[in-house]
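Fold and geometry: a report
As a plain string of letters, each chain reads:
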Amino acid sequence: SVLTWLLSDSLGGNSRTFMMATVSPSPASYEETLSTLRYSSRARKIINPAHVNTMDDNPIIKELREEINWLRAQLELSGNSVGANTAIR
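Parameters at a glance
- Residues numbered from 1 in each chain as written.
- Predicted model: local features only at pLDDT ≥ 70, side-chain atom pairs only at ≥ 80, totals over all residues.
- Heavy atoms only, no water.
- Helix = DSSP H or I, 4+ residues; strand = E, 2+ residues; numbered from the N terminus.
- Buried < 20%, exposed > 50% of the residue type's maximum accessible area, 1.4 Å probe, protein only.
- Contact = heavy atoms within 4.5 Å.
- Areas by Shrake-Rupley, 256 points an atom, 1.4 Å probe, with all protein chains shown as cover.
- Patch = residues over 30% accessible without salt bridge, like charges linked within 9 Å, V, L, I, M, F, W, Y side chains within 5 Å.
- Salt bridge = Lys/Arg side-chain N within 4 Å of Asp/Glu carboxyl O.
- Expected span 1.5 Å × (residues − 1).
- Arc of directions from axis to C-beta.

Observations regarding the overall build of the protein chain
When you go through the protein chain residue by residue, the secondary structure sums to three helices and zero strands. For the protein chain, the α and β elements follow one another from N to C terminus as α-α-α. The proportion of buried residues among the 89 residues of the protein chain is 10%. Contacts in the protein chain between residues far apart in sequence, at least 24 positions, make up 53% of those at least 6 positions apart. As presented, the protein chain carries roughly 8,100 Å² of accessible surface, and 57% of it is formed by carbon and sulfur atoms.

If you want it as structure tokens, here you go:
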């Protein structure tokens, strides 16, 4: 269904999803109950592969990390060290 397709990214992969399907014992609600059970069964079978969220795909972030590493190496060569108390401006 369209709803299953729209929610497929939220129903698997890196997220944990809880779904509660409410059904009615009333014979008047038989079709609606059956439709709800079919939907919940389809939604339960959705499997999306989990992946690590990283920002390294962005070339600007990669370039800035390389520059930070280069600057740290320059500081070490000049005799200064970069520690927890050292502020980089």
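Considerations on a nonpolar patch on the surface
A contiguous nonpolar patch, built from Val2, Leu3, Trp5, Leu6 and Leu7 and spanning about 560 Å² of accessible area, is present on the exposed surface. Along the chain, the position of Leu7 falls in helix 1 (residues 2-7).

A few points about helix 2 (residues 30-44)
With 15 residues, helix 2 ought to run about 21 Å at 1.5 Å a step, and its terminal C-alpha atoms sit 21 Å apart, in line with that. Buried within helix 2 are the following residues: Thr33, Tyr39, Ser40 and Ala43. Down the axis of helix 2, the buried side of the element spans an arc of 125°, and every buried residue falls inside it. When the buried face of helix 2 is taken as reference, the exposed residues oriented beyond 90 degrees from it are Tyr30 and Glu31. Buried residues along helix 2 sit in contact with helix 1.

Examining the side chain of Thr33
Along the polypeptide, Thr33 turns up in helix 2. Overall, the relative accessible area of 13% leaves Thr33 in the buried class. Residues contacting Thr33, with those up to four places away along its chain left out, are Val23 and Ser24.

Some thoughts on the side chain of Ser40
Within the element layout of this structure, Ser40 appears in helix 2. For Ser40, a relative accessible area of 18% translates into the label buried.

Quick look at the environment of Leu34
Among the secondary structure elements, Leu34 is positioned in helix 2. C-alpha separation for the pair Leu34 and Ser24, spaced ten residues apart in sequence, amounts to 9.7 Å.

Concerning the environment of Asn48
Relative to the helices and strands, Asn48 resides in the loop between helix 2 and helix 3 (59-77). The exposure class assigned to Asn48 is partly exposed, which follows from its relative accessible area of 25%.

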